[in-house]
Amino acid sequence: RGGWNTIVRRGVLITVGMGGNIRLPMRQWVAKEVELLGTSRFRAEFGTAVRFLNEGLVNGKPVITGILPVERAIEAFDLAADKSQSLKVQISFQNA
């Protein structure tokens, strides 16, 4: 739900993978006229999403819960698995 505010009016939400069931705020969804695209694995959507991030067309920071160094990778995966605590967790290889 924290990522909802990052979607602009008439924006597109691309969901990748086989996530669990979620509740959608349908009134807000319809009012914003948001388009939802889903894919079971990485295809053209993933490349587009990465390009958007790299070109600064979208800001991914609001959905990143934490960035942990590779030495704490197990902790990062545990945090990422607990959806009550996190949305997205990155593992940093900087200084590795």
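Everything below is about the structure printed above this text.
Residues numbered from 1 in each chain as written. Predicted model: local features only at pLDDT ≥ 70, side-chain atom pairs only at ≥ 80, totals over all residues. Heavy atoms only, no water.

A. Representation of the pattern of salt bridges within the structure. Across all of its chains, the model carries 4 salt bridges by this definition. When the shortest N-O distance is used, the salt bridge between R10 and E33 registers 2.4 Å. Of this pair, R10 sits in the segment before strand 1 (12-16) while E33 sits in the loop between helix 1 (26-32) and strand 2 (35-39); the two residues are 23 residues apart in sequence, bridging distant segments of the chain. Among the ionic contacts, a cluster of salt bridges with common partners joins R9, R10 and E33. (Salt bridge = Lys/Arg side-chain N within 4 Å of Asp/Glu carboxyl O. Helix = DSSP H or I, 4+ residues; strand = E, 2+ residues; numbered from the N terminus.)

B. The arrangement of the pairing of strand 3 (residues 64-69) in detail. Pairing of strand 3 with strand 4 (residues 88-92) involves 5 bridges; the strand directions are parallel. Residue pairing for strand 4: P69 is matched across the bridge by S92. Following the chain from strand 3 across helix 3 (residues 73-81) to the adjacent parallel strand 4, one finds a crossover that is right-handed. (Pairing = 2+ DSSP bridges. Right-handed = clockwise from strand over helix to strand, strands pointing away.)

C. Main features of a nonpolar patch on the surface. There is a patch of nonpolar side chains on the surface, built from V12, I14, V16 and L37 and spanning about 260 Å² of accessible area. Among the elements that line the nonpolar patch, the one with the most residues is strand 1, at 3 residues. Examined against the element boundaries, I14 turns out to sit in strand 1. Residue classification places I14 among the partly exposed residues on the basis of a relative accessible area of 30%. (Patch = residues over 30% accessible without salt bridge, like charges linked within 9 Å, V, L, I, M, F, W, Y side chains within 5 Å. Areas by Shrake-Rupley, 256 points an atom, 1.4 Å probe, with all protein chains shown as cover. Buried < 20%, exposed > 50% of the residue type's maximum accessible area, 1.4 Å probe, protein only.)

D. Spatial organisation of the side chain of S86. Assignment of secondary structure puts S86 in the loop between helix 3 and strand 4. Separated by 2.6 Å, the side chain of S86 and the backbone oxygen of L79 make a polar contact. (Polar contact = N/O pair within 3.5 Å; in protein donor to acceptor, adjacent residues only side chain to side chain.)

E. Up close: the environment of N95. You can see N95 is positioned in the segment after strand 4. When its relative accessible area of 76% is taken as the criterion, N95 is described as exposed. Residues N95 and V12 lie 83 residues apart in sequence; the distance between their C-alpha atoms is 35 Å.

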